Amino acid sequence: MRDFIQALPKIELHLHIEGTLEPGLLFELAQRNNVSIPFKSEAEVRAAYEFNDLQSFLDIYYQGANVLLHEQDFFDLTWAYLLRCRQDNVIHTEIFFDPQTHTERGIAFDTVIAGINRALVQAEAELQITSRLILCFLRHLDEATAFATLELAQPHRDKIVAVGLDSSEKGNPPEKFQRVFARALEAGFLTVAHAGEEGPASYISDSLSLLKVSRIDHGVRCVEDPALVQQLIAERIPLTVCPLSNIKLCVFASMAQHNIVELLRRGLCVTINSDDPAYFGGYMTDNFLAVAAAHAMTPQEIAQFTFNAIDASFTGEHEKQRLRTRVNDALQPPSGK
Ligand code: HPA
Ligand code: ZN
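Residues numbered from 1 in each chain as written. Chains lettered and ligands numbered in written order. Predicted model: local features only at pLDDT ≥ 70, side-chain atom pairs only at ≥ 80, totals over all residues. Heavy atoms only, no water.

Asker: An account of the coordination of the zinc ion (ligand 2) is needed here, citing residue identities and associated values.
Answerer: Octahedral metal centres with six donors ideally show angles of 90 or 180 degrees, and tetrahedral centres with four donors ideally show 109.5 degrees. Around the zinc ion (ligand 2), the donor atoms from the protein are H14 (NE2), H16 (NE2), H194 (NE2) and D275 (OD), and they sit 2.0 to 2.3 Å away. Owing to a relative accessible area of 2%, D275 belongs among the buried residues under this scheme. (Donors = N, O, S within 2.8 Å, 3.2 Å for Na, K, Ca; no water. Buried < 20%, exposed > 50% of the residue type's maximum accessible area, 1.4 Å probe, protein only.)

Right under this line is the structure:
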């Protein structure tokens with residue numbers, strides 16, 4: 001099963017690029033940019049990665065991002081993640097970035113996107129990894145700041161496929177950003193939102209009805225509303241689930257109690273993703289392995305996560321067909337004759 005999972009081509013749809021900052025690169029950038037960090041060693045950093053909820057993680061995650069100052073830093077961060085993708089057989093990835101984490105510190109929006117985009121273009125040419133970029137608004141900040149961020153994104157419309165919503169979910173409901181999302185949709189962006197990670201199932205329904213999202217990030221608390229589950233099945237609304245993240249942030253007490261396999265078997269379009277792999281102890285292959293270790297599944301069921309992700313991706317139909325062909329080829333290697 002380990003070999004099957006390793007070899008399976010994967011599609012990632014829920015990945016925060018700032019969440020791929022490994023302790024090694026954190027130290028390297030802190031030195032290069034002369035930024036002081038409250039850790040003496042990489043081991044000390046890793047020891048700090050014990051979280052009891054979303055907020056305890058976010059506090060450390062925003063602190064880590066302080067070492068990112070220059071275009072080259074954003075390139076190095078993104079390139080390191082893309083090399084990890086190659087190792088895990090991730091052939092297409094849709095990446096979140098949090099511009100407000102950087103613009104609030106005086107880093108230009110254009111610096112952030114230039115570094116990330118340069119790495120994505122190079123990865124398509126050199127690693128054959130395709131990608132899309134999704135701008136996330138920080139939901140703990142106000143509507144006016146989100147509107148200002150959307151304006152900064154307009155000249156980069158060609159590089160950004162969608163807008164999303166992340167950061168502290170509880171107390172920051174979807175309706176807070178209804179008008180911003182309406183403007184983003186008018187401008188031609190698709191929309192997604194984190195919902196039902198820590199927040200209630202109603203945040204999922206409201207993201208669908210008020211923010212017109214094409215998919216839900218996390219969404220595991222949908223099971224608290226049976227009518228919503230029926231809607232997700234009937235309308236085939238994708239959930240980008242992040243198993244290791246959910247355990248690290250105590251959304252579920254253990255992987256055995258995680259509902260992702262139950263959701264898959266009930267016919268929901270669920271996918272497996274890594275969220276913030278540098279902080280949660282694993283990239284894509286690790287997430288697949290962790291789910292498979294706790295829940296017996298057939299190879300077809302495991303591969304279904306990838307087929308769901310292709311359906312849910314923001315690439316064009318032609319591209320989706322190319323991805324499906326690559327997965328099918330990997331599942332049925334041509335006979336040796
Ligand atoms: N939830 C909310 N905000 C985030 C997350 C998450 O899992 N990761 C990075 N920002
Ligand atoms: Zn996330």
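Asker: Explain the site of ligand 1 residue by residue, including any values.
Answerer: Taken together, H16, L54, F57, L58, Y61, D166, S167, H194, E197, H218, D275 and D276 form the complete shell of residues around ligand 1. Separating a nitrogen atom of ligand 1 from a backbone N or O atom of S167 is a distance of 2.8 Å. At a separation of 2.8 Å, an oxygen atom of ligand 1 approaches a polar side-chain atom of D275. Here ligand 1 loses 100% of its free accessible area of 260 Å² to cover by the protein chains. Broken down by element, the shell around ligand 1 gets its largest block of residues, 4 residues, from helix α4 (residues 54-64). Within the shell around ligand 1, the residues separate by chemical class into 4 nonpolar, 4 polar and 4 charged. (Near = heavy atom within 4 Å. Polar contact = N/O pair within 3.5 Å; in protein donor to acceptor, adjacent residues only side chain to side chain. Areas by Shrake-Rupley, 256 points an atom, 1.4 Å probe, with all protein chains shown as cover. Helix = DSSP H or I, 4+ residues; strand = E, 2+ residues; numbered from the N terminus. Nonpolar A, V, L, I, M, F, W, Y, C, P; charged D, E, K, R; others polar.)

Asker: Got a sec to walk through the packing of helix α16 (residues 299-312) against helix α17 (residues 317-331)? Specific residues and values, please.
Answerer: In the contact formed by α16 and α17, the axes pass within 9 Å of each other and the chain directions differ by 170°. The angle between the axes of α16 and α17 places the two elements in the roughly antiparallel class. Contact with α16, carried on its side by A303, T306, F307, I310 and D311, involves K320, L323, R324, V327, N328 and L331 of α17 and no other residues of that element. Grouping the constituent residues of the contact of α16 with α17 by class yields 6 nonpolar, 2 polar and 3 charged. (Axes fitted to C-alpha atoms, helices over the stretch in contact; angles between N-to-C directions. Parallel < 35°, antiparallel > 145°, perpendicular 65-115°, else oblique. Contact = heavy atoms within 4.5 Å.)

Asker: Describe in detail the packing of aromatic side chains, supporting the description with residues and values.
Answerer: Tallied over the full model, the rule gives 13 aromatic pairs. Seen from their ring centres, F51 and F57 are 5.5 Å apart, and the 80° between their planes marks the pair as edge-to-face. The class of F51 is buried, set by a relative accessible area of 7%. Through a chain of ring-to-ring contacts, three or more aromatic side chains come together here, namely Y49, F51, F57, Y61, Y62, Y279 and F280. (Phe/Tyr/Trp six-rings, centres within 6.5 Å; stacked < 30°, edge-to-face > 60°.)

Asker: Tell me about the packing of helix α2 (residues 23-32) against helix α5 (residues 71-87), residues and numbers included.
Answerer: Axes are the key here: two packed helices are described by the angle between their axes and the distance separating the axes. Running from N to C, α2 and α5 cross one another at 170°; their axes reach a closest spacing of 12 Å. As far as their axial angle goes, α5 and α2 are roughly antiparallel. Where α2 approaches α5, its residues L25, L29 and R32 are matched on the opposing element by Q72, D73, D76 and L77. The class makeup of the residues in the contact of α2 with α5 is 3 nonpolar, 1 polar and 3 charged.

Asker: Could you give an account of the environment of H218, with specific residues and numbers?
Answerer: Here H218 lies in strand β6 (residues 215-218). Remark: the alpha-carbon pair of H218 and V241, spanning 23 residues in sequence, is separated by 4.5 Å. Among residues more than four places away in sequence, those in contact with H218 are H14, H194, A195, E197, L239, T240, V241, C242, S245, N246 and D275. A distance of 3.5 Å separates polar atoms of two side chains, one belonging to H218 and the other to D275.

Asker: If you had to explain the pattern of salt bridges to someone new, which residues and values would you point to?
Answerer: Enumeration over the complete set of coordinates arrives at 17 salt bridges. Its salt-bridge partner being D73, residue R32 comes within 2.8 Å of it at the nearest N-O pair. Placement of R32 in helix α2 and of D73 in helix α5 is noted, with a sequence separation of 41 residues between them. A residue is classified by how much of its surface remains accessible, and D73, at 1% relative accessible area, is buried. When the shortest N-O distance is used, the salt bridge between D76 and R32 registers 2.7 Å. Of the two residues, D76 sits in helix α5 while R32 sits in helix α2, which places them 44 residues apart along the sequence. On the accessibility criterion, D76 (18% relative accessible area) is buried. Connected via shared salt-bridge partners are E28, R32, D73 and D76. (Salt bridge = Lys/Arg side-chain N within 4 Å of Asp/Glu carboxyl O.)

Asker: Break down the pairing of β6 for me, with residues and values.
Answerer: As paired elements, strand β5 (residues 190-195) and β6 share 4 bridges and run parallel to each other. Bridge pairing links V192 to R215 in β6. Following the backbone out of β5, through helix α10 (residues 201-210) and into the adjacent parallel β6, one traces a crossover that is right-handed. The pairing of β6 with strand β7 (residues 239-241) spans 2 bridges and is classified as parallel. Of the residues in β7, the one forming a bridge with I216 is L239. With helix α11 (residues 226-234) bridging β6 and the parallel β7, this β-α-β connection has right-handed handedness. (Pairing = 2+ DSSP bridges. Right-handed = clockwise from strand over helix to strand, strands pointing away.)

These figures capture arrangement, not role.
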